[in-house]
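A structural walkthrough
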Amino acid sequence: MNKTELRKHIKLLKSQHQATTTADSGIIMQLLADDAHFLAAKTVLLYHSLSDEVNTHQFIEEWCLKKQLLLPVVVGEELELRLFQNMNELKIGSFGIAEPTGPLFTDYAKIDFVAVPGMAFDRNGHRLGRGKGYYDRLLPKLTNAYKAGICFPYQVVDEVPVEPTDITMDGIITI
Ligand code: ADP
Ligand code: MG
């Protein structure tokens, strides 16, 4: 399957697995909370989930008290990072994503861990996004971060087709 076909295939699977999204998200977020790389990290980039992604909302609320938490903000073709300190600082931005309004964060080398959403991942850490390349442009700046793909089990496929600009994950967190 090429990238476009794979995105279509996963979209169908997502629509078939809606009933278990909440329960599965809870299990996956607990696996993240128990992950050694995550636990060791001081500065963490998370994503504020959309309705068809592994739900991170509660996790963000809980962990912003214990770690320096960052969330992305879509600015044109790039993801800008802002500090997240409390839920009141979120406002809806591009693509309907809730984004932080806290201070801008540009000290990319300080980020220890990043949770990366995706449409599909394979066992080699290859990642398929939504097709705009946002994380492929951001992740090379995070020179010291452990990169964890976060997904539902049906999003792990045998092979994700990749191009030279696609950034490989260090691990996948799923059930
Ligand atoms: P996604 O990773 O969101 O699934 P793709 O990997 O298909 O999306 O990439 C989408 C577009 O972004 C492609 O045209 C790709 O060439 C471009 N792109 C990806 N990474 C970079 C980069 N580092 N610099 C410039 N363009 C990039
Ligand atoms: Mg890509």
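In what follows, the structure referred to is the one given above.
These remarks concern the structure in this document. Counting restarts for each chain: residues are numbered from 1 in the order of the written sequence. All chains are assigned letters beginning at A, and all ligands numbers beginning at 1, according to the order in which they are written. For this predicted model, a pLDDT threshold of at least 70 governs which residues receive local features, and a threshold of 80 or more governs which side-chain atom pairs are given and counted, while totals over whole chains, interfaces and linings are taken from all residues. Heavy atoms from the whole structure form the basis of all side-chain values; hydrogens and water molecules are not counted.

**Topic: helix 1 (residues 3-16)**
Which entries qualify depends on this criterion: A run of H or I in DSSP counts as a helix once it spans at least four residues, and a run of E counts as a strand once it spans at least two, with each numbered from the N terminus. Here the expected span of a helix is defined as 1.5 Å times the quantity of residues minus one. For the exposure calls, accessible area comes from a 1.4 Å probe over protein chains only, and a residue counts as buried if that area is under 20% of its type's maximum, exposed if over 50%, partly exposed in between. It is the directions from the helix axis to the C-beta atoms that the arc portrays. Throughout, a residue-residue contact means that at least one pair of heavy atoms, one from each residue, lies within 4.5 Å. Identification of polar contacts relies on pairs of N or O atoms within 3.5 Å, with a donor-acceptor requirement for protein atoms, meaning one able to donate a hydrogen and the other able to accept it, and with residues adjacent in sequence counted only if both atoms are side-chain atoms.
Taking 1.5 Å per residue as the helical rise, helix 1 with its 14 residues ought to reach 20 Å, and the 20 Å between its terminal C-alpha atoms agrees with that figure. Lys-3, Leu-6, Ile-10, Leu-13 and Lys-14 are the residues of helix 1 that are buried. Mapping the buried residues of helix 1 onto a view down its axis gives an arc of 100°, with all of them on the same face. Facing away from the buried surface of helix 1 by more than 90 degrees, the exposed residues are Thr-4, Lys-8, Lys-11 and Gln-16. Close packing links the buried residues of helix 1 with strand 8 (120-121) and strand 9 (127-128). Two to three positions downstream of the cap, the backbone nitrogen of Thr-4 sits 3.1 Å from a side-chain oxygen, assigning the N-cap of helix 1 to Asn-2.

**Some details on the coordination of the magnesium ion (ligand 2)**
We apply this condition: The donor set covers N, O and S atoms within 2.8 Å of the metal, switching to 3.2 Å for Na, K and Ca, and it leaves out water, so a site may look short of donors.
For the magnesium ion (ligand 2), the full set of protein donor atoms is Asp-136 (OD) and Asp-166 (OD), at a range of 1.9 to 2.1 Å. A residue pair is termed long-range when its members are at least 10 positions apart, and Asp-136 in helix 5 (residues 134-138) and Asp-166 in the loop between strand 10 (146-150) and strand 11 (171-173) qualify at 30 residues. In this pair, the class of Asp-136 matches that of Asp-166, namely buried.

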